[in-house]
Amino acid sequence: MMGRDDIAVGVGGDGGISDDGRIYPNVGGYFAIIEQEMSTVGGCRYRQTIPQGANGRLDVNTNYGIRRAFLPQGNRRYFPLQQPTTQQMIIDTISSGPTTVFLMGTHTNFALFLMSNPHLKKNVERIYIMGGGVRSYNPTSCCSRSSISCVPQQCDHHGNMFTAYTKDPYAEFNIFGDPFGAYQVFHSGIPITLVPLDATNTIPITENFFKTFEQKQSTYEAKYCFQSLKIARDTWLDNQFYTNYFMWDSFMTGVALSIMRNGERPNGENDFAEMEVMNITVVTSNEPYGVHDGSNPFFDGHVRPKFNLLEGGVHSGHVLTGLDDPFCVIKGSIKGKCQDGYTKEVQGPDSVAALVAVKAKPNKNANSPLNREFFNNFLEVLNRPAHSGRFNFTNQFPHYKEVMYKPDFRNRIRGMPVIFDMDMSPGDFIALLCLLKVNIEAIDLKGILVSGNGWSNPATIDVIYDVLHMMGRDDIPVGLGSITALGVPELGCEYVKAIPHGSGGGLDADTLFGLARMLPRSPRRYTAENSKKYGTPRDTAHPEIRQPLAFEVWQQVTGELGTTDKITVLTNGPLTNIANIILSDTKAESMIEQVYIVGTHLVDGEGEEGNLFTVTSNKFAEFNFFLDPKAAKTVVESGLNITVIPLRAQRQVSSFGKVLRSLHAAEKTPESSFVYRLLLLMQKLQKKHQAYSHIDMFLGELLGSMFLVQQSHLNYSINEKAISVVGSDHVTMDGQTILDETSGKLVKVLDRLDPDSYYAELAKLLAAKKQSAVVDSFDEQKRMWSKANYKGRDDPGFVR
């Protein structure tokens, strides 16, 4: 949008840190340094304080849905093994000459750079840090003087971590995300300017500022920022937006640019903030120091502390292990005692002199409706015509039309009603295409349920909307399910921590290995648009496009069934959604004809292992059952008619070579070409890099949809077996499925099929011209939206 495609962007990396403290090149920065090992698989000691769903990562990753609706789509995109890594980008940039660094989040990446490249410190002139709280007092959730029953909660605490104040009321999110990393940055010897909560707490968004901003939107960037601010206000958890929402990152940028523009002044004064030099440090562990209690992997279990840290020093105390850490609890108080991530004012050899913003300056014009000097500058700069944005999405294409493709099935007999439950792994998207290709007389796909605790970020739901749009099925509702496994709180990463963050894991699944940007762009998307009906303080601008939840889609689909109709369910991910449905709807089991479960590995004593390659202590579990063992146990032990498609059957049809040869020989459709390109890329990645050695397991996920629609052509055999699912709360056993003739549940198990017939039928299905793509790619959309009378394979107004 801003015409800066020249700026390098670094993402992740698959390096690690060895047990003896060696930092390998291109370490990804996915974990705080204290947690980083030799892979991109691991826990969430600090990250768990950030909610996963709405009002957390989901809304941030989508910017409440505004990002897809507003920002243009450029030509650059993530591509596996070609995307510059974060460490390489930092090294290249700082090696080129004197550099100023802005740190707007956790300090992990930059700390790793400093620890690995001390010779390049001389090129860093100053570091501007957004975060921390020195003398700050949190103004949120305070009680009025007249209140008798109010509990103040976060009020007057130093930090802002609303999810963790009962354990650590001193920290701010950016510093808490990696306290040890922040310590390395603060103590690097490089000059530091800190803009902490002390200052940002003095610049809350006021109603006058909001109204003034609403009237001043003359650039695309101003419009985007205002829409972002408005949706944040409209979806705020309560009516205290104007006292609880602060100009954090933008204020820090303004302070920094003022200093850089005007040069250093006495005591670092600038246009927008009162500044003070303070002696501070970052607390990385809690007293008493030197006591090994199993919480500190820098010291515990090491003959020599990691990174040659000082035994008994400031890093050697108790390190907060999570939100249930009893060490941090003060009996009889809601205020915890741990201080991990606290930017504490101290004296002595462990202190660092930093220039600290302590207060936002009031507006020099007392008659202005804006009460802070920074507000004037913010609106002026954002609306400045110089270096303004080129276009937003709708202005990027002069003839853009928002078209919904909905098929007309009025004169056709509909077949088996089906709900598809998926977790958005690469195989799931191909399975979805297979279901969409089947004649409506055979399979009537009624709805899609999305597991938020599977292979992909919940925001990947946007890719589902794009696939449906491509295939002309914007009529199919998509419901977003639970973000965590059954019985696991939203703040946590139990089970899902087994999925890699980097190559071959979440990064690739979220982007379909970079190919998601090739898909046509649907007018539907995840959005936080909401209404008072569903709990927001006020109606948003378009509450009618609110993202449905999985249970709501279940209710919609079953409510539209005929009196004698029943639903068939195909599950391709963890069974969280189906378990929640049968636990919440007493009529659910009677409304489900049968359930096809793609998942589990039957432990039969023959020694064949599961596919849980990231949890080596659990040799016999399969990912879908491991990601929510309680849900798997709930579903298997229910009264449902279940057919299981286990790993043994999936592995019979997991050959990249054979499926690619079949697709290559078949006729081409947009969907078959896309699948061929995706699978070919996956095959090349598997051959090229160890991080992708496991990805042929995604091929087995196609078997469920193919078995559902092409049973008669697959020459298969099914046997009945009694099984039990282990939900032991022990990682070495969770999700394992055993044959249990005594007390197990009798289910149908797909044992064998003819692979050659399977590959032929898959290629034949994807190559069929009937029910093919309505719009095949984003490139076709660009042509369509760039010419007034463009006629593609289908007129944009055509309803299929």
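Residues numbered from 1 in each chain as written. Predicted model: local features only at pLDDT ≥ 70, side-chain atom pairs only at ≥ 80, totals over all residues. Heavy atoms only, no water.

## Quick notes on the nonpolar core
Side chains that are nonpolar tend, in soluble globular proteins, to be buried together. With 128 residues, the main nonpolar core has Phe209, Phe251, Ile464, Leu679 and Tyr758 as its most contacted residues. A per-element tally of this core places helix α14 (residues 426–437) first, with eight residues. (Core = buried A, V, L, I, M, F, W, Y, C linked by side-chain atoms within 4.5 Å. Buried < 20%, exposed > 50% of the residue type's maximum accessible area, 1.4 Å probe, protein only. Helix = DSSP H or I, 4+ residues; strand = E, 2+ residues; numbered from the N terminus.)

## Concerning unusual backbone geometry
With omega at 5°, the peptide bond leading from glutamate 287 into proline 288 counts as cis. Take proline 288: it is sitting in the loop between β4 (273–282) and β5 (343–345). Positive phi outside glycine occurs at methionine 424, with the angle close to 70°. Structurally, methionine 424 can be placed in the loop between β7 (416–422) and α14.

## Structural notes on the UniProt feature "domain: Inosine/uridine-preferring nucleoside hydrolase" (unreviewed entry) in the protein chain
Mapped onto the present numbering, the UniProt feature "domain: Inosine/uridine-preferring nucleoside hydrolase" (unreviewed entry) falls at residues 65–287 and 418–759. Annotated as 32% helix and 16% strand, the span residues 418–759 places its first and last C-alpha atoms 23 Å apart. (UniProt positions renumbered as here; feature names shortened; annotations may be inferred.)

## Quick look at the packing of aromatic side chains
Taken as a whole and assessed by the stated rule, the structure comprises 35 aromatic pairs. Measuring from ring centre to ring centre gives 4.2 Å for phenylalanine 209 and phenylalanine 375, while their planes differ by 25°; the resulting arrangement is stacked. Of this pair, phenylalanine 209 sits in helix α8 (residues 207–215) while phenylalanine 375 sits in helix α12 (residues 373–382), and the two are 166 residues apart along the sequence. Taking the relative accessible area as the measure of exposure, phenylalanine 209 reaches 0% and is therefore buried. The exposure class of phenylalanine 375 is buried, given its relative accessible area of 0%. The ring of tyrosine 24 has arginine 22 lying over it, and the distance from NZ or CZ to the ring centre is 4.2 Å. (Phe/Tyr/Trp six-rings, centres within 6.5 Å; stacked < 30°, edge-to-face > 60°. Lys NZ or Arg CZ within 6 Å of the ring centre and 35° of its normal.)

## Quick word on the packing of helix α23 (residues 656–665) against helix α24 (residues 670–688)
For the pair α23 and α24, interaxial distance at closest approach is 10 Å and the crossing angle is 150°. Taken as axis vectors, α23 and α24 run roughly antiparallel relative to one another. Note on packing geometry: the crossing formed by α23 with α24 is left-handed. Contacts between α23 and α24 involve Phe656, Gly657, Val659, Leu660, Leu663 and His664 from the former and Val675, Tyr676, Leu679, Leu680, Met682, Gln683 and Gln686 from the latter. Residues of the contact of α23 with α24, tallied by class, amount to nine nonpolar, four polar and no charged. (Axes fitted to C-alpha atoms, helices over the stretch in contact; angles between N-to-C directions. Parallel < 35°, antiparallel > 145°, perpendicular 65-115°, else oblique. Left-handed = near helix turned anticlockwise from the far one by under 90°. Contact = heavy atoms within 4.5 Å. Nonpolar A, V, L, I, M, F, W, Y, C, P; charged D, E, K, R; others polar.)

## A closer look at the pattern of salt bridges
In total, this model carries 23 salt bridges according to the counting rule given. Aspartate 444 is paired through a salt bridge with lysine 446; the nearest N and O atoms lie 2.9 Å apart. The salt bridge partner of lysine 721 is aspartate 751, with a shortest N-O separation of 3.4 Å. A residue pair is termed long-range when its members are at least 10 positions apart, and lysine 721 in strand β14 (residues 717–725) and aspartate 751 in strand β16 (residues 745–752) qualify at 30 residues. Judged by its relative accessible area of 22%, lysine 721 falls in the partly exposed class. Because the salt bridges share partners, they merge into one network encompassing Asp604, Glu606, Glu608, Arg648 and Arg651. (Salt bridge = Lys/Arg side-chain N within 4 Å of Asp/Glu carboxyl O.)

## Quick look at the sheet that holds β7
Taken in spatial order, the 10 strands make up an open sheet running β9-β8-β7-β10-β11-β13-β16-β14-β15-β12, and their pairing is mixed. Pairing within the sheet leaves two strands with one partner each, and these edge strands are β9 (478–480) and β12 (602–603). Judged from the four bridges that link them, strand β11 (residues 592–598) and strand β13 (residues 642–645) form a sheet pairing that is parallel. What sits directly across from valine 595, in β13, is isoleucine 642. (Pairing = 2+ DSSP bridges.)

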